[in-house]
Amino acid sequence: MNVARTLLAASTLFAGMAPACAAEPALPLWEAGVFGGTAVTPAYPGASERSTRSLALPYLIYRGKVLRADRSGVGARLLDTDRLGFDIGFALSLPARSSDVPARRGMPDLGTLVEFGPRLKIKLAEPTQHSRLGLELPVRAVIEASGGLRRQGATFEPRLVYALQGGQQAWQVDASLGAVLGNAAINDYFYGVSPAFATGQRQAYAAKSGLMLTRLGLGGSYRLHQDWRAFAFLRYDNYTGAANRASPLLRQNSGTSAGIGLMWTWQRSSSLARGPDD
């Protein structure tokens, strides 16, 4: 779902983002360094308020045959062929305090969300030597990690991804078009209002399963130096067709997120990854 995509996730999004194309340079088995950046996002999907987050964190990229920590997140790659890939991965979303959001004031805070589940990847076309069009079909359980672990539902996020890279991976661009669908539990987590929290301006509302949003994303990175890489991303979410458009907590028809950052590679392995970094 990645409803409030963190800069931690972005730190691996572009570091290993080159598509699997013929004649691409081999990549190190692992890389370690420091990442820093700033992102501006809605406080939660459909919120009127925005949140600015800045982070400086260490990062690790590992391109093992099965265990991976790269642009796709952290997980296990169980199938990898020329056309199909199947893996199990994680994603992370940052919390939002209800006291900072008038529409949610007096309601419980939205906690840190950890997403876990399988993903099927299908390569649809390879228009050029350095580009690829693919379809990703992730299904994830959503777990809130705040004062313990609580399951908060599940999501399905199909998306088309077009990846393009320059010669020797000096620059990379990734464009995507997709949707996020949630079951009743995760939709109620974001958009439900129990009678105990209803007010004169916020009526009680029971959320239902269905479409949460449609999403258009664009990201890119550029190698400034052997050990330095700059990146930026822009994302547009649209809620007009959302199943819970009537919720008093869904305040906007659309929302945008943007971020910029720098990555510095401190160490990299002399050993090369086995197979392409896809």
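Use the structure listed above.
Analysis parameters
Residues numbered from 1 in each chain as written. Predicted model: local features only at pLDDT ≥ 70, side-chain atom pairs only at ≥ 80, totals over all residues. Heavy atoms only, no water. Salt bridge = Lys/Arg side-chain N within 4 Å of Asp/Glu carboxyl O. Helix = DSSP H or I, 4+ residues; strand = E, 2+ residues; numbered from the N terminus. Phe/Tyr/Trp six-rings, centres within 6.5 Å; stacked < 30°, edge-to-face > 60°. Buried < 20%, exposed > 50% of the residue type's maximum accessible area, 1.4 Å probe, protein only. Patch = residues over 30% accessible without salt bridge, like charges linked within 9 Å, V, L, I, M, F, W, Y side chains within 5 Å. Areas by Shrake-Rupley, 256 points an atom, 1.4 Å probe, with all protein chains shown as cover. Core = buried A, V, L, I, M, F, W, Y, C linked by side-chain atoms within 4.5 Å. Contact = heavy atoms within 4.5 Å.

Caption draft 1: The arrangement of the pattern of salt bridges in detail. Inspection of every chain in the model, using the stated rule, returns eleven salt bridges. Salt-bridge contacts for Glu-157 lead to Arg-215; the nearest nitrogen and oxygen are separated by 3.4 Å. Taken together, the positions of Glu-157 in the loop between β8 (149–156) and β9 (159–165) and Arg-215 in strand β11 (residues 210–225) put the pair 58 residues apart, joining distant regions of the chain. Asp-237 serves as the salt-bridge partner of Arg-215, at 2.7 Å between the closest nitrogen and oxygen.

Caption draft 2: Inspection of the packing of aromatic side chains at higher detail. If you walk through the whole model with that rule in mind, you get four aromatic pairs. Centre to centre, the rings of Tyr-189 and Phe-190 are 5.3 Å apart; their planes meet at 80°, and the pair counts as edge-to-face. When sorted by exposure, Tyr-189 lands in the same class as Phe-190, which is buried. On the basis of relative accessibility, which here comes to 3%, the residue Phe-190 falls in the buried class. Chaining the aromatic ring pairs together yields one cluster made of Tyr-189, Phe-190 and Tyr-191.

Caption draft 3: Local environment of a nonpolar patch on the surface. A contiguous nonpolar surface patch, about 1,100 Å² in accessible area, is contributed by Val-34, Trp-171, Val-173, Leu-218, Tyr-222, Leu-224, Trp-228, Leu-234, Leu-262, Trp-264 and Trp-266. Taken together, the elements giving at least two residues each to the nonpolar patch come down to β10 (171–182), β11, β12 (228–238) and β13 (254–268).

Caption draft 4: Focus on the nonpolar core. Among the nonpolar cores identified, the biggest contains 24 residues, and Tyr-44, Phe-190, Tyr-191, Met-212 and Leu-249 are the most heavily contacted of them. Of all the elements in the fold, those that place two or more residues in this core are α2 (184–191) and β11. Here the element with the most residues in this core is α2; it accounts for four residues. If you look at the next biggest cluster of nonpolar residues, it comprises seven residues, including Phe-35, Ala-39, Phe-233 and Met-263.

Caption draft 5: Spotlight on the environment of Leu-149. Note on placement: Leu-149 falls in strand β8. Along the backbone, Leu-149 and Leu-113 are 36 residues apart, and their C-alpha atoms lie at a distance of 9.6 Å. When near neighbours in sequence (up to four residues on either side) are disregarded, Leu-149 contacts Ile-143 and Glu-144.

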